[in-house]
Amino acid sequence: MAAYVSGDRRAFEQLFSRLAPRLHRFFRRSFSAEATADDLLQVTFLKLHKARDTYRADMRVAPWAFTIAARVRLDEFRRRKRLAEDGDEEALARAEETQAKTQSETSSHRETIDGDTAEAVRRAVDGLPESQRVVIHLNRFEEMTFAEIAKVLGTTEGAVKLRAFRAYGALRQVLQPMLAEVTS
Amino acid sequence: MSAEAHARTCAACARALEDGRRLLALLGQATLPEPSATALARASATILAELGEIDASRAVAGKLAAVVSAAVLATWALPLALMRAPLGGRALAFSIALAAVAAVSTALTIAVSKRDGLLFFAASLAMAFVTGSGATLGPAVGLHCAAIEALTAATAGVAAWVATHAFGRRTLDRRVLIGALGGGALAGHAALDVGCGMSSALPHVLVFHTGPVVLALGVALLIARRADARAAVL
């Protein structure tokens, strides 16, 4: 990272090849659409490049990059959901959860799980409100602690734990037949 | 770990823990596709282009540092070559040392330094106190000394200008300007350590040998500031 900060092209290429697929998956998890993830990946790297002088040697690179990506994600949600300019992570979570509640009241949230296991699990994750999905993604797929996730998303550790608790609870319910299958 | 220790003695919690493990394992299957090569190329293109320009700019800065440093050494050697007086002794050793410092400082200023001209001023001042003593000013000789330093600074400046254009740049960079004028003036000071009859008189050296170095740096900064202002307007 230090080499990249001082303008080394090869160091950037290494950093990019390590981080870009992870950041792309982060956006895919939040927005699903590939084109959106592509655009936001580009925006994130441009912001990261501009902010590289603010990087300190004692920082871990991935959480720093994900913090920038999380801000890009929040900006995109602000734009899409017409949240206030200062609408923070919690405002987004509230808006998301209200929307998810309405959807679950009007349609059956639980789908029959059959066929391809991986596809079924993916659908179960996609069925979560985005504010919970992002926590699950960072926790399960990026192996971040709840404290690290809170820092990345700019919220409290308690709020992150609550979202994770709800998300894992919902997934346990939806995926119960598969869990039982594994047990038997 | 404490949860696992507890689960060993509590069947309900052991079951919940096992459920959690199974759920996490199951979630591992919810992988996402890799980004396309096109998306990756698009996301990195602007940054790679910018870093490429920085690389190219550094390469040119390295070449300029070498050429202008050589010019600085030449501006020191030329007056010495024209002198009829025999060279040698302590004064020549000091002169060579200061000329070397001038060349190295020029290279550092152009290639890496962020401190505008401090090296040149510090070296000139240090040499004045190392070689000078007494209280003679010698203004008549002093004007001649100042003119020589102005000439060496201008020569290095012209060399820097020519090199800058030869390497495809349109304008003299701030660092190159400071390196050339500061280094050229300091090379003049180094030559005067041998050529000036009053090079051991501290007031004379401070005013007419170190003074022009400061003046050259001031001129360089003034030109650089004007160029920056013009660039900002454009």
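Residues numbered from 1 in each chain as written. Chains lettered and ligands numbered in written order. Predicted model: local features only at pLDDT ≥ 70, side-chain atom pairs only at ≥ 80, totals over all residues.

Student: Could you give an account of the overall build of chain A, with specific residues and numbers?
Tutor: What chain A contains, in helices and strands, is 10 helices and 0 strands. Scanning chain A from its N terminus toward the C terminus, one meets helices and strands in the order α-α-α-α-α-α-α-α-α-α. Residue pairs at least 24 apart in sequence account for 60% of intrachain contacts in chain A once pairs closer than 6 positions are excluded. (Helix = DSSP H or I, 4+ residues; strand = E, 2+ residues; numbered from the N terminus. Contact = placed C-beta atoms within 7 Å.)

Student: Go over the overall build of chain B with me, naming the residues and quoting the values.
Tutor: Scanning chain B for helices and strands turns up 8 helices and 0 strands. For chain B, the succession of helices and strands along the chain, N to C, is α-α-α-α-α-α-α-α. For chain B, buried positions account for 38% of its 234 residues. Restricting to contacts in chain B with at least 6 residues of sequence separation, those with at least 24 account for 88%. (Buried ≥ 20, exposed ≤ 12 C-beta atoms within 10 Å, placed from the backbone.)

Student: Please provide a residue-by-residue account of the nonpolar core, values included.
Tutor: If you look at the biggest cluster of nonpolar residues, it comprises 50 residues, and the most contacted ones within it are B:Val68, B:Ala102, B:Leu181 and B:Leu186. Looking at this core, the elements that each hand over two or more residues are helix H3 (37–82), helix H4 (89–111), helix H5 (118–131), helix H6 (139–166), helix H7 (174–195) and helix H8 (202–233) of chain B. Tallying contributions element by element places H7(B) first for this core, with 12 residues. In terms of nonpolar packing, the next biggest core, distinct from the first, is built from 49 residues, A:Leu15, A:Trp64, A:Leu138 and B:Leu51 among them. (Core = buried A, V, L, I, M, F, W, Y, C linked by C-beta atoms within 7 Å.)

Student: Any details on the confidence of the model for chain A? Residues and values, ideally.
Tutor: Parts of the model with low pLDDT should not have their predicted coordinates read in detail. When pLDDT is averaged across chain A, the result is 85; 84% of the residues are at 70 or more. Within chain A, the element-level pLDDT minimum falls on helix H5 (residues 89–106) of chain A, averaging 63, and the maximum on helix H3 (residues 34–50) of chain A, averaging 96. (pLDDT = per-residue confidence, 0-100.)

Student: Can you tell me about the packing of H3(B) against H4(B), naming the residues and giving the values?
Tutor: Residues and elements named next belong to chain B. It is the contact of H3 with H4, at a shortest axis distance of 8 Å, that shows an interaxial angle of 155°. Classified by the interaxial angle, the pair formed by H3 and H4 is roughly antiparallel. Regarding H3 and H4, the two cross each other, and that crossing is right-handed. In this structure, H3 contributes Ala 61, Gly 62, Leu 64, Ala 65, Val 68, Ser 69, Val 72, Leu 73 and Trp 76 to the contact, and H4 contributes Ala 99, Ala 102, Ala 103, Thr 106, Ala 107, Ile 110 and Ala 111. Here the contact of H3 with H4 is built from residues that sort into 13 nonpolar, 3 polar and no charged. (Axes fitted to C-alpha atoms, helices over the stretch in contact; angles between N-to-C directions. Parallel < 35°, antiparallel > 145°, perpendicular 65-115°, else oblique. Left-handed = near helix turned anticlockwise from the far one by under 90°. Nonpolar A, V, L, I, M, F, W, Y, C, P; charged D, E, K, R; others polar.)

Student: Which residues make up the environment of A:Leu48, and what values go with them?
Tutor: Residue and element names in this part refer to chain A. With respect to the element layout, Leu 48 can be found in helix H3. Using a count of 24 C-beta atoms within 10 Å as the deciding quantity, one classes Leu 48 as buried. Distance from Leu 48 to Ala 69, taken between C-alpha atoms, is 8.6 Å for residues 21 residues apart in sequence. Ignoring anything within four residues of it in the chain, the contact list for Leu 48 reads Ala 65 and Ile 68.

Student: Mind laying out the interface of chain A and chain B, listing which residues take part and the relevant values?
Tutor: Listed per partner, the contact involves 29 residues of chain A and 23 residues of chain B. Secondary structure elements with two or more residues in the side of chain A that touches chain B: helix H2 (9–31), H3, helix H6 (117–126), helix H9 (157–174) and helix H10 (176–183) of chain A. Per element, the largest residue contribution to the side of chain A that touches chain B is 9 residues, and it comes from H2(A). Residues that form the side of chain A that touches chain B fall into these classes: 16 nonpolar, 5 polar and 8 charged.

Student: Kindly report on H6(A), identifying the contributing residues and their values.
Tutor: Along H6(A), the positions that sit buried rather than exposed are A:Ala120, A:Val121, A:Ala124 and A:Val125. Looking straight down H6(A), one finds that the buried residues subtend no more than 140° of arc, so they occupy a single side. (Arc of directions from axis to C-beta.)

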